[in-house]
Amino acid sequence: MVFLFVQLMDSSQAEHSILSSEIASERTLNPYVTGTSVVAIKYKDGILMAADMGGSYGYTLRYKSVERLKPAGKHSLLGASGEISDFQEILRYLDELILYDNMWDDGNTLGPKEVHNYLTRVMYNRRNKFNPLWNSLVLGGVKNGQKYLGMVSMIGVNFEDNHVATGFGNHLARPILRDEWHDNLSFEDGVKLLEKCMRVLLYRDTTAVNKLQIAKITEEGVTISQPYSLKTFWGFSAFENPTVGAEGSW
């Protein structure tokens, strides 16, 4: 009887360990609801950032009012492309970080460089656990007159620059920014430049949607625009018959 009892205990423990190991090994193998490119630039008074509001389930535009630009503390602005639920988890991490920083009540607050460094460690740490947060993040801000703009990928690759972009924006928007960006951009010119980039992305990115927000951050704080649409023109001959002259096309 004792031997049977021990056998039953061993089998139940083995079953429990198998189940717990299966649960512990769950990973996000593919993103589900995703947002596309974020584009950001420095301008003479601070940082400008743009993103559309689409949330795509595969290639289906499932949600049309997803806000992907959020303030992070007093001095930082965060934009994200990729998995929306992972972005929400990152916002929860940042809320805890800002709350913990405020609890010290020492008159000092985290600046954009510190928040960006924190995000690089979070993304790289999750990558090393083979459980990445499926996002590319753009972090910009202003503190003590110093403008800061950087990005970090889902595996922790990060850099700082005068203009950054994620997703298709890396391929389609940054060439425009390299040609037209300069140090002394006014707010109006910066918005026009971002709108030009977002219009190109709307034409060429199948998951982009014509409903966007532009956010700015200066020493005074964060301002995020109401959603609006861009004027577009779809009558280009290359759009009407894109395969004309293409060898082997139908």
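A short tour of the structure in this document, coming up. (Residues numbered from 1 in each chain as written. Predicted model: local features only at pLDDT ≥ 70, side-chain atom pairs only at ≥ 80, totals over all residues. Heavy atoms only, no water.)

### Some details on helix H6 (residues 187-204)
Going by this rule: Secondary structure elements follow DSSP: runs of H or I of four or more residues count as helices, runs of E of two or more count as strands, with numbering from the N terminus. By definition here, a helix of n residues has an expected span of 1.5 Å times n minus one. Partly exposed describes any residue whose relative accessible area lies between the buried limit of under 20% and the exposed limit of over 50%, with all areas from a 1.4 Å probe on protein chains only and scaled to the type maximum. Residue contacts are counted whenever heavy atoms from the two residues lie within 4.5 Å of one another.
Along its 18 residues, H6 runs 26 Å from first to last C-alpha, staying within 8% of the 26 Å computed at 1.5 Å per residue. Of all the residues in H6, the buried ones are Gly-190, Val-191, Leu-193, Leu-194, Glu-195, Cys-197, Met-198, Leu-201, Leu-202 and Tyr-203. Elements in contact with the buried residues of H6: strand S2 (38-43), strand S3 (46-52), helix H4 (169-172), helix H5 (174-180), strand S12 (212-218) and helix H7 (237-240).

### Some points on the sheet that holds strand S11 (residues 163-165)
Keep this limit in mind: Only when DSSP finds a minimum of two bridges between them are two strands counted as paired. Note on geometry: axes are lines fitted to C-alpha atoms, helical ones only across the stretch in contact, with angles between N-to-C directions running from 0 to 180 degrees.
Reading across the sheet, the five strands line up as S11-S2-S3-S12-S13 and stay open at both edges, with antiparallel pairing between neighbours. The sheet is open, and its two edges are formed by S11 and strand S13 (221-224), each paired on a single side. Here the strands of the sheet are splayed against their neighbours by 15° on average, with no regard to which way each runs. Of the strand pairs in this sheet, S2 and S11 are connected by three bridges, and their pairing is antiparallel. Within S11, the residue paired with Ala-40 across the bridge is Val-164.

### Considerations on unusual backbone geometry
Backbone geometry places Asp-105, a non-glycine residue, at a positive phi of 50°. Its location among the elements puts Asp-105 in the loop between helix H2 (84-103) and helix H3 (112-128). Take Asp-105: its relative accessible area is 69%, and that puts it in the exposed class. One non-glycine residue, Phe-130, lies in positive phi territory at about 55°. Note that Phe-130 resides in the loop between H3 and strand S8 (135-143).

### Comments concerning the packing of H2 against H3
Cut-off, in case you're wondering: To sort the angles, those under 35 degrees are grouped as roughly parallel, those over 145 as roughly antiparallel, those from 65 to 115 as roughly perpendicular, and the leftovers as oblique. The sense of a crossing depends on the near helix, which, turned anticlockwise from the far helix by less than a right angle, makes the crossing left-handed and, turned clockwise, makes it right-handed. Each residue receives one of three labels: charged for Asp, Glu, Lys and Arg, nonpolar for Ala, Val, Leu, Ile, Met, Phe, Trp, Tyr, Cys and Pro, and polar for the others, Gly being one of them.
Put simply, H2 and H3 touch, their axes get as near as 12 Å, and they point 130° apart. When the interaxial angle is binned, H2 and H3 end up oblique. In this structure, the crossing between H2 and H3 has a hand that is right-handed. Residues Ile-90, Tyr-93, Leu-94 and Leu-97 of H2 pack against Val-115, Tyr-118, Leu-119, Val-122, Met-123 and Arg-126 of H3. In the contact of H2 with H3, the residues fall into nine nonpolar, no polar and one charged.

### A word on the pairing of strand S9 (residues 146-152)
The buried fraction of S9 amounts to five of the seven residues, a majority that puts the element mostly inside the structure. Where S8 meets S9, seven bridges bridge the pair, whose relative direction is antiparallel. Bridged to Gly-141 within S9 is Tyr-148. Two strands pair when backbone bridges link them, and S9 and strand S10 (residues 158-160) are joined in this way by three bridges, in the antiparallel orientation.

### Concerning the side chain of Ser-81
If you trace the backbone, Ser-81 turns up in strand S7 (residues 76-83). If sequence neighbours within four positions are ignored, Ser-81 has contacts with Gly-35, Thr-36, Ser-37, Val-38, Arg-68, Trp-134, Asn-135, Ser-136 and Thr-166.

Bear in mind that shape data such as this cannot, by itself, settle questions of function.
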